[in-house]
Amino acid sequence: MPSLQDELFPSTPGKFKIDRNHPMNRHFHRCFASTTTMFFWALFFIALTASYLSFQSFVDSGSRYFSVSWGGIQWEKQLRHSAQTHRPNGLSVLVTGAAGFVGTHVSLALKKRGDGVVGLDNFNSYYDPSLKKARKSLLSDHGIFVVDGDLNDARLLEKLFDVVVFSHVMHLAAQAGVRYAMENPNSYVHSNIAGLVTLLEACKSANPQPAVVWASSSSVYGLNEKVPFSESDRTDQPASLYAATKKAGEEITHTYNHIYGLSITGLRFFTVYGPWGRPDMAYFSFTRNILQGKPITVFRGKNRVDLARDFTYIDDIVKGCLGSLDTSGKSTGSGGKKTGPAAYRIFNLGNTSPVTVPTLVSILERHLKVKAKKNVVEMPGNGDVPFTHANISSARKELGYKPTTDLQTGLKKFVRWYLSYYGYNHGKPVN
Ligand SMILES: O=C(O)[C@H]1O[C@H](OP(=O)(O)OP(=O)(O)OC[C@H]2O[C@@H](n3ccc(=O)[nH]c3=O)[C@H](O)[C@@H]2O)[C@H](O)[C@@H](O)[C@@H]1O
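In this numbering scheme, every chain counts its residues from 1 along its sequence in written order. At least 70 in pLDDT is required for a residue's local features to be given in this predicted model, at least 80 for side-chain atom pairs to be given and counted, and no such filter applies to totals for whole chains, interfaces and linings, which use all residues. The side-chain quantities take in all heavy atoms of the structure and omit both hydrogens and water.

### With respect to the site of the ligand
This is how the line gets drawn: Each residue is tested against the molecule or strand, and it is near if at least one of its non-hydrogen atoms lies within 4 Å. Polar contacts, as used here, are pairs of N or O atoms within 3.5 Å; protein pairs need one atom able to donate a hydrogen and one able to accept it. Residues neighboring in sequence count only if both atoms are side-chain atoms. To measure how exposed things are, a 1.4 Å probe is used in the Shrake-Rupley method; for residues, cover is taken only from the protein chains shown. Helix and strand labels come from DSSP, where a helix needs a run of H or I of at least four residues and a strand needs a run of E of at least two; each type is numbered from the N terminus. Throughout this entry, Asp, Glu, Lys and Arg are counted as charged residues, while Ala, Val, Leu, Ile, Met, Phe, Trp, Tyr, Cys and Pro are counted as nonpolar. The remaining residues, Gly among them, count as polar.
Around the ligand, a shell composed of 22 residues is seen, among which Arg179, Ser217, Tyr242, Thr271 and Asp384 lie nearest. A distance of 2.9 Å separates an oxygen atom of the ligand from a polar atom in the side chain of Ser218. Note that an oxygen atom of the ligand is positioned 2.9 Å from one of the backbone N or O atoms of Phe299. For the ligand, the protein covers 91% of the area, taking 700 Å² as the surface of the free molecule. Those elements giving two or more residues to the shell around the ligand turn out to be helix H9 (282–292) and strand S8 (295–300). Among the elements that make up the shell around the ligand, the one with the highest residue count is S8 (3 residues). For the shell around the ligand, the per-class residue count stands at 12 nonpolar, 6 polar and 4 charged.

In structure tokens form, the structure reads like this:
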């Protein structure tokens with residue numbers, strides 16, 4: 001006698017003939033039919049959910065060109081939380097380049113005084129991204145959320161302005177470095193020109209428009225020989241593509257001020273240094289090499305003249321940035337249209353006392369208690385300028401800017417940070 005199993009599922013496919021009158025088959029048929037229906041419903045719901053999720057992520061994530069993930073309810077919650085102010089009339093600031101050197105310090109200072117801060121950074125690999133990640137986690141410890149995204153992602157910027165009403169934008173994201181411009185010129189155009197325009201487009205369309213404070217550079221003075229450098233001095237002889245893109249930035253921001261009523265403040269930073277600094281800069285790479293026993297290359301100008309820089313300590317720069325945000329005045333545009341004139345300002349933020357590069361090296365030697373192995377070579381024609389020296393009377397008057405840290409003191413703080421972050425043996429081969 002065939003088993004029930006054999007009756008219902010004969011071993012030869014195709015020979016299966018359902019006896020609809022068999023009581024077991026009637027039962028099975030009902031079960032099978034309802035299981036099939038459930039199966040198709042489940043499939044339908046899965047497909048529906050999947051298409052909803054992919055639509056959401058398409059809407060939220062913007063262009064696929066930028067392979068970063070942003071968007072979603074949780075992400076927006078983090079943005080709003082980070083942007084919350086904790087003092088009366090506090091500012092709500094979008095800080096671009098927040099995981100950069102100046103960006104990190106400015107973000108922390110704003111947060112500490114009760115302003116809301118949202119960071120934006122693309123974490124590119126111009127220098128060690130792990131340092132940028134470490135800065136990000138420092139910011140996160142202080143309740144500052146840094147969005148991982150690119151300035152050129154217009155949809156992301158639009159979204160940021162949709163979710164948060166920013167009173168100010170502190171624009172510090174840039175391709176920095178004077179000499180690297182010969183290696184990778186397009187990265188300067190990408191960040192300092194295209195990225196700037198994308199950001200200004202988002203700012204001009206935002207309602208209300210934020211006031212914009214941004215980082216220009218002392219390098220715009222280029223081959224100018226009149227010292228100290230004043231804001232009204234000529235800036236039409238850039239010595240590097242980097243300088244040219246910063247100069248272009250000053251002209252571009254002017255048009256956005258003129259056409260759309262954006263309040264603009266450009267800050268010409270003079271060789272900023274300090275803890276959490278940029279590894280590509282001379283004081284940082286000299287420190288690393290001196291500790292590792294490697295030689296350093298010291299450039300010298302024509303006729304054996306030492307190069308000099310108006311090295312400016314980060315805490316002084318931060319005060320200048322906050323002073324600029326506080327005095328910027330409102331943008332006047334609405335719905336992308338100007339309704340009245342808005343401020344357009346440019347300030348030097350320097351230290352007003354240039355120091356030669358060999359003096360910088362001897363201060364480092366003292367703090368590190370190690371003698372440097374120096375290779376002195378003539379400055380190559382790669383965009384460098386022989387000296388910088390800021391006239392800061394304008395910033396002093398308008399922003400209350402008053403630098404207080406000399407190079408000796410500032411480098412001591414830098415070296416202390418460097419040793420605590422990397423240790424004495426950073427990069428030394430382990431025996
Ligand atoms: O103030 C500015 O506008 C600029 O300051 C710095 O540019 P720079 O002054 O050239 O700073 P470093 O690269 O740290 O160079 C400082 C000095 O050390 C010299 N140097 C640099 C590197 C090196 O190996 N040897 C050397 O002697 C340079 O010629 C220069 O005189 C920053 O790197 C720029 O991003 C910034 O915009």
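### Topic: the nonpolar core
This is how it is decided: For our purposes a nonpolar core is just a set of buried Ala, Val, Leu, Ile, Met, Phe, Trp, Tyr and Cys residues, chained together by side-chain atoms within 4.5 Å. To sort residues, take the accessible area from a 1.4 Å probe on protein chains only and compare it with the maximum for the residue type: under 20% means buried, over 50% means exposed, and anything in between is partly exposed.
Of all hydrophobic cores here, the largest spans 72 residues; its most connected members are Val102, Val106, Met170, Phe269 and Tyr283. The leading source of residues in this core is helix H13 (residues 407–422), at 8 residues. Counting residues in hydrophobic clusters, the runner-up holds 32 residues, among them Leu79, Leu157, Leu200 and Ile264.

### Quick word on a positive patch on the surface
Quick note on the threshold: A patch is a set of surface residues, each over 30% in relative accessible area and not in a salt bridge, joined within 9 Å for like charges and within 5 Å for the nonpolar side chains Val, Leu, Ile, Met, Phe, Trp and Tyr. Salt bridges are counted wherever a side-chain nitrogen of Lys or Arg sits within 4 Å of a carboxyl oxygen of Asp or Glu. Counting rule for charge: Lys and Arg are taken as positive, Asp and Glu as negative, and neither His nor the chain ends is counted. Lys charges are placed at NZ, Arg charges at CZ, Asp charges at CG and Glu charges at CD.
Together, Lys319, Lys369, Arg396, Lys402, Lys412, Lys413 and Arg416 give the surface a local cluster of positive charge. When residues in the positive patch are grouped by element, the largest group, 3 residues, is from H13. Tracing the backbone through its elements, the reader meets Lys413 in helix H13.

### Regarding the packing of helix H4 (residues 101–112) against helix H5 (residues 129–141)
Test applied: Comment: axis = line fitted to C-alpha atoms, over the contacting stretch for helices; angle = value between 0 and 180 degrees taken between N-to-C directions. For classification purposes, an angle smaller than 35 degrees is called roughly parallel, one larger than 145 roughly antiparallel, one from 65 to 115 roughly perpendicular, and anything else oblique. Note on contacts: a residue pair qualifies if any of its non-hydrogen atoms lie within 4.5 Å across the two residues.
The geometry of H4 relative to H5 is characterised by a closest axis approach of 10 Å and an angle of 5° between their N-to-C directions. It follows from the interaxial angle that H4 and H5 lie roughly parallel. Where H4 abuts H5, its residues Phe101, Thr104, Ser107 and Leu108 lie against Arg135, Leu138 and Leu139. A class-by-class count of the residues in the contact of H4 with H5 yields 4 nonpolar, 2 polar and 1 charged.

### A look at helix H11 (residues 357–368)
Every α-helix winds through 3.6 residues per turn, so residues three or four apart in the chain are directed the same way. To keep things clear, this is the line we draw: Multiply 1.5 Å by the residue count of a helix minus one, and that product is the helix's expected span.
With 12 residues, H11 should cover 16 Å at 1.5 Å per step; its first-to-last C-alpha distance of 16 Å lies within 8% of that length. Along H11, the residues classified as buried are Val357, Leu360, Val361, Ile363, Leu364, Glu365, His367 and Leu368. Each element contacted by the buried residues of H11 is listed here: H9, S8, strand S12 (355–356), strand S13 (373–378) and H13.

### Observations concerning the pattern of salt bridges
Under the defined criterion, the tally for this structure stands at 15 salt bridges. Measuring nitrogen to oxygen at the nearest pair gives 3.4 Å for the salt bridge that ties Glu76 to Arg80. Here Glu76 and its partner Arg80 are both found in helix H3 (residues 73–83), 4 residues apart, which amounts to about one turn of the helix. Note on Glu76: relative accessible area 16%, which makes it buried. Of the residues examined, Arg80 reaches a relative accessible area of 42% and is grouped as partly exposed. Note that Arg113 and Asp115 form a salt bridge whose closest N and O atoms lie 2.6 Å from each other. Its relative accessible area of 0% is what places Asp115 among the buried residues. Counted as one network, the salt bridges with shared partners bring together Arg87, Arg113, Asp115 and Asp326.

### Regarding the side chain of Arg345
Along the chain, Arg345 falls in strand S11 (residues 344–349). No salt bridge is formed by the buried Arg345; its nearest oppositely charged neighbour, Glu398, is found at 5.2 Å. Within the structure, Arg345 has its side chain in polar contact with the side chain of Thr265 (distance 3.0 Å). A polar side-chain atom of Arg345 sits 3.0 Å from the main-chain carbonyl oxygen of Ser324. Setting aside residues up to four positions removed in sequence, Arg345 forms contacts with Ile264, Thr265, Gly266, Ser324, Thr327, Ser328 and Leu399.

### A short note on the packing of aromatic side chains
Just so we agree on the cut-off: Whether two aromatic rings pair depends on their centres lying within 6.5 Å, for rings of Phe, Tyr and Trp, where Trp uses its six-membered ring; planes under 30 degrees apart make the pair stacked, over 60 edge-to-face, and the rest tilted.
Overall, the coordinates contain 29 aromatic pairs when judged by the stated rule. Grouped by ring-pair contacts, the aromatic residues Tyr273, Trp276, Tyr283, Phe284, Phe311, Tyr313, Phe414, Trp417, Tyr418, Tyr421 and Tyr422 constitute a single cluster.

### Description of the confidence of the model for the protein chain
The condition that has to hold: Summary of the metric used: pLDDT quantifies the predictor's per-residue confidence within the range 0 to 100.
Model confidence for the protein chain is summarised by a mean pLDDT of 88, while 83% of its residues fall at 70 or above. pLDDT under 50 marks residues 1–33. Its contacts with residues more than four places away, or in other chains, come to 14 contacts. Two summary scores accompany this predicted model of the complex, namely pTM at 0.86 and ipTM at 0.99.

### Re the packing of H11 against H13
The description of two helices packed together rests on the angle between their axes and the distance between the axes. To be explicit about the condition: With the far helix as reference, a near helix turned anticlockwise by less than a right angle produces a left-handed crossing, and one turned clockwise produces a right-handed crossing.
Look at H11 against H13: their axes get within 10 Å of each other, and the N-to-C directions meet at 50°. As judged from the angle between their axes, H11 and H13 are oblique. Relative to H13, H11 is oriented so that their crossing is right-handed. Within the contact between the two elements, H11 uses Leu360, Ile363, Leu364, Arg366, His367 and Leu368 and H13 uses Leu407, Gln408, Leu411, Lys412 and Val415. In terms of residue class, the contact of H11 with H13 is built from 7 nonpolar, 2 polar and 2 charged.

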